[in-house]
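# Fold and geometry: a report
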Amino acid sequence: SIIESIFFFTNLHYLNYFDVNFFISRLGWIYLCMGIFLALDYGEKRTGLAVTDINKMIASGLTALSTKDVISYLTIYCKNNLVEKFIIGYPKKYNNKESQIENNIKKFIKKMNLSLPKIPIVRHDERFTSIIASNAILESGVNKRKRQDKLLVDKVSATILLQSYLSIYKKT
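The paragraphs below set out a description of the structure included in this document. (Residues numbered from 1 in each chain as written. Predicted model: local features only at pLDDT ≥ 70, side-chain atom pairs only at ≥ 80, totals over all residues. Heavy atoms only, no water.)

Glancing now at the pairing of strand β7 (residues 83-90). Among the eight residues of β7, seven are classified as buried, and the element is accordingly described as predominantly covered. Where strand β4 (residues 36-41) lies against β7, five bridges are found, and the strand directions are parallel. Counted as the bridge partner of Phe37 is Lys85 from β7. Of the strand pairs in this sheet, β7 and strand β8 (residues 121-125) are connected by five bridges, and their pairing is parallel. (Buried < 20%, exposed > 50% of the residue type's maximum accessible area, 1.4 Å probe, protein only. Helix = DSSP H or I, 4+ residues; strand = E, 2+ residues; numbered from the N terminus. Pairing = 2+ DSSP bridges.)

A few words on the nonpolar core. By size, the foremost hydrophobic cluster in this structure holds 22 residues, and its most contacted members are Leu38, Leu40, Leu74, Val83, Phe86, Phe108 and Met112. For this core, the secondary structure elements donating two or more residues are β4, β5 (46-52), α2 (70-80), β7 and α3 (102-115). Sort the elements by how many residues they give to this core and α2 lands first, with five residues. Apart from the residues lying within four places of it in its own chain, the contact partners of Leu74 are Leu38, Leu40, Leu49, Phe86, Met112 and Leu116. Membership of the second largest hydrophobic core comes to 10 residues, among which are Ala39, Ala59, Ile87 and Tyr165. (Core = buried A, V, L, I, M, F, W, Y, C linked by side-chain atoms within 4.5 Å. Contact = heavy atoms within 4.5 Å.)

So yeah, pure geometry; function would need other evidence.
Structure, rendered in structure tokens:
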């Protein structure tokens, strides 16, 4: 991984202190190492993933995959990339009550915390992301066959979720 390569070549020590990541050299110099945010648009069958750039300005779709494969995928991904935070959609109904899938998401988060305990998880309102994603894909001129690709919709939904989170994150 990138971090292991840096350790090998420079004998740096890595520590994660809250949301800030530092490299400390043998001489005592401290180097700030910025990570990325990774968003998940959880679904019972499929989950969309999106990531930020290093400056946390732009969200980009990463992939969409079977929900049962997400934790193993994230474990490998986090070994090769510095992920500061996970953002997981918080689906609410029109009346602000939790949706039916919320219990499954809570179980999923417990499993994530067991597999990746050092990376904090933040919940963010994901109302209408799938509808917005479907409309965005439709307006982009993508052909009918690709518009019906549910993996594409899930990936775009995760991207919209993450960009929404970033708009609030930048203000704080």
